[in-house]
Amino acid sequence: MATTTSQSDSGQRSSQGTQTGLDENVAAALAYVLGWITGIVMYVVESDNRTVRFHAAQSVVVFGGLFVVSVALSFVQGALSLALSPLGTGGNVALGLLSMVLGLVSAVIGIGGFVLWVYLLVRTYQGGDPRIPVAAGIAENIA
């Protein structure tokens, strides 16, 4: 039941069917609901519709990347804690400052990721075709 994407005069995609039986905009938006997890699910389930596959791949790239960055920041913070704690008071001060900086970076990434998630979810559901600059190029190659 795969169909192609068509453009209307307003530049919006019209709703097309997918293998899941959902409208194209709904299936593409579902790829973002749980980040990279639903991205993988929709990518595997939808094998014909290029728009849904693109958004699924973009979800995996964007939110998978944010997940990896978050895990890496946590690892760095833990490693710094182990490395600096034996240094006594000076190490504790340095650890405190580095922890604050890494915590701020993590908060900015978390808030930015949430805003990006809402934007992608809403714009895709509305029939738009949001593309995140670097991730879209990678997703095009994957889809």
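Residues numbered from 1 in each chain as written. Predicted model: local features only at pLDDT ≥ 70, side-chain atom pairs only at ≥ 80, totals over all residues. Heavy atoms only, no water.

## Here's the deal with helix H3 (residues 50–84)
Link 1 in the chain: For H3, with 35 residues, the first-to-last C-alpha span of 50 Å sits near the 51 Å given by 1.5 Å per residue.
Link 2 in the chain: The backbone nitrogen of Thr51 has a side-chain oxygen 3.0 Å away, supplied by the residue at the start of H3, namely Asn49. (Helix = DSSP H or I, 4+ residues; strand = E, 2+ residues; numbered from the N terminus. Expected span 1.5 Å × (residues − 1). Polar contact = N/O pair within 3.5 Å; in protein donor to acceptor, adjacent residues only side chain to side chain.)

## Digging into the layout of surface pockets
Link 1 in the chain: Taken as a whole, the largest pocket encloses approximately 190 Å³ of empty space.
Link 2 in the chain: What lines the largest pocket is a set of 13 residues, and nearest its centre among them are Phe63, Leu66, Phe67, Gly113 and Phe114.
Link 3 in the chain: Breaking the lining of the largest pocket down by element, the ones donating at least two residues are H3 and helix H4 (89–125).
Link 4 in the chain: Among the residues making up the lining of the largest pocket, the classes are represented as 8 nonpolar, 5 polar and no charged. (1 Å grid on protein atoms, 1.4 Å probe; cavity = no way out; pocket = protein on both sides within 12 Å on 5 of 7 lines; lining within 4 Å. Points joined across faces, edges and corners; volume = space filled by probe spheres on them. Nonpolar A, V, L, I, M, F, W, Y, C, P; charged D, E, K, R; others polar.)

Any functional reading would require information beyond the geometric quantities listed.
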